[in-house]
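One-letter residues, chain by chain:
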Amino acid sequence: MTNSNASVLILTPMKSARRFLDSYFEGLEKLSHPHAALSLGILEGDSDDGTFEAVKERLALACPGFRRKVLVKKDFGFAVPEGIPRFTGHATSCHDG
């Protein structure tokens, strides 16, 4: 069962992602779902490469047919410990000592 009129919210967390923004926005604009039914929410935090400013600038022109576009900044103060690859798959719980 497909509903081409269904509203869709795309939520994307970002951190130090400036170098990926071109392909990110290109991908969004290529979506086949009606853009008037798409909303975009981006949560940026703790970046050290100007991601927030770059996304803020890009949102003015990117995805022009989208229903709504929202950018929120929330720094959590999290940093991957030195020497541990970011995507190792070894997450530690907040409850770990």
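Scroll up to find the structure.
Thresholds applied
Per chain, the residues get numbers from 1 upward, laid out in the order the sequence is written. Given that this is a predicted model, residues contribute local features only at a pLDDT of at least 70 and side-chain atom pairs are listed and counted only at 80 or more, while totals for whole chains, interfaces and linings are drawn from all residues. Hydrogens and water molecules were not included; the side-chain quantities draw on all heavy atoms of the structure. Strands are runs of DSSP state E lasting at least two residues, helices are runs of H or I lasting at least four, and both sets are numbered from the N terminus onward. For patch building, the residue pool is restricted to those with more than 30% relative accessible area and no salt bridge; the joining distance is 9 Å between like charges and 5 Å between nonpolar side chains (Val, Leu, Ile, Met, Phe, Trp, Tyr). All accessible areas in this document rest on Shrake-Rupley with a 1.4 Å probe, and a residue is counted as covered only by the protein chains that are shown. Basic side-chain nitrogens of Lys or Arg form a salt bridge, by our definition, when they fall within 4 Å of a carboxyl oxygen of Asp or Glu. Remark: exposure states derive from per-residue accessible area (1.4 Å probe, protein chains only) relative to the maximum for the residue type, with buried under 20%, exposed over 50%, and partly exposed in between. Strand pairing requires that DSSP identify at least two bridges connecting the strands. With the strands aimed away from the viewer, a crossover counts as right-handed if its path from the first strand over the helix to the second runs clockwise. Working definition: rings of Phe, Tyr and Trp (its six-membered ring) pair if their centres are within 6.5 Å, and the pair is stacked with planes under 30 degrees apart, edge-to-face with planes over 60 apart, and tilted otherwise. In our convention, an over-ring charge means Lys NZ or Arg CZ found within 6 Å of a ring centre and within 35 degrees of that ring's normal. Here a cavity denotes a set of grid points, spaced 1 Å apart and computed over the protein atoms alone, in which a 1.4 Å probe fits but from which it cannot get out, and a pocket denotes an open set meeting protein on both sides within 12 Å along at least five of seven lines; residues with an atom within 4 Å of a point are reported as lining. Grid points are joined across faces, edges and corners, and a volume is the space filled by probe spheres set on the points. The nonpolar class holds Ala, Val, Leu, Ile, Met, Phe, Trp, Tyr, Cys and Pro. Asp, Glu, Lys and Arg form the charged class, and all remaining residues, Gly among them, are polar. By arc we mean the arc of the directions from the helix axis to the C-beta atoms, nothing more. A contact between two residues is defined here by any heavy atoms of the two lying within 4.5 Å.

> Is there a simple way to explain the environment of His33 in this structure?
Tracing the chain through its elements places His33 in the loop between α1 (21-29) and β2 (38-44). Sequence separation between His33 and Val8 is 25 residues; the distance between their C-alpha atoms is 8.8 Å.

> Help me understand a nonpolar patch on the surface, please; the structure alone is not making it clear to me.
On the surface, a nonpolar cluster with roughly 550 Å² of combined accessible area is contributed by Leu43, Val72, Phe76, Phe78, Val80 and Ile84. Counting through the fold element by element, Ile84 comes out in the segment after β3 (68-73). According to the relative accessible area criterion, Ile84 is partly exposed, its value standing at 45%.

> Would you mind showing me how to read the pairing of β2 here?
On any regular strand, side chains alternate: one points to one face of the sheet, the next to the other face. Counting buried positions over the 7 residues of β2 gives 6, a clear majority of the element. Here strand β1 (residues 8-14) runs beside β2; their pairing, made up of 7 bridges, is parallel. Counterpart to Met14 in the pairing with β2 is Glu44. What joins β1 to β2 is α1, and the crossover it makes is right-handed. Alignment of β2 against β3, held across 6 bridges, turns out to be parallel. Considered in β3, the bridge of Ser39 is made with Arg68. Handedness of the β-α-β unit built from β2, helix α2 (residues 51-59) and β3 comes out right-handed.

> Is there a simple way to think about the packing of aromatic side chains in this case?
Describing an aromatic ring pair means giving the distance of the ring centres and the angle of the ring planes. This structure, assessed with the given rule, holds 1 aromatic pair. Considering the side-chain rings of Tyr24 and Phe25, the 5.0 Å spacing of their centres and the 80 degrees angle between planes classify their relative orientation as edge-to-face. Phe25 shares its class with Tyr24; the two are buried. Over the ring of Phe76 we find Lys74, and its NZ or CZ is 5.7 Å from the ring centre.

> Just checking my understanding: could you explain the layout of surface pockets for this structure?
Any empty space left between the atoms is revealed when a probe the size of a water molecule rolls over them. Approximately 150 Å³ is the volume attributed to the second largest pocket. Around the second largest pocket sit Pro13, Met14, Lys15, Leu43, Glu44, Gly45, Asp46, Lys74, Phe76 and Phe78, which together line it. When contributions to the lining of the second largest pocket are tallied by element, the ones reaching two or more residues are β1 and β2. Of the residues that constitute the lining of the second largest pocket, the class distribution is 5 nonpolar, 1 polar and 4 charged.

> How do you make sense of α2 when you look at a structure like this?
Given 3.6 residues per helical turn, the α-helix brings residues three or four places apart onto the same face. Three or more residues of α2 are buried, namely Thr51, Phe52, Ala54, Val55 and Leu59. Projected onto a plane normal to the axis of α2, the buried residues spread over an arc of 165 degrees and lie on a single side. Of the residues in α2, the exposed ones pointing more than 90 degrees away from the buried face are Glu53, Lys56 and Glu57. The secondary structure elements touched by the buried residues of α2 are β1, α1, β2 and β3.

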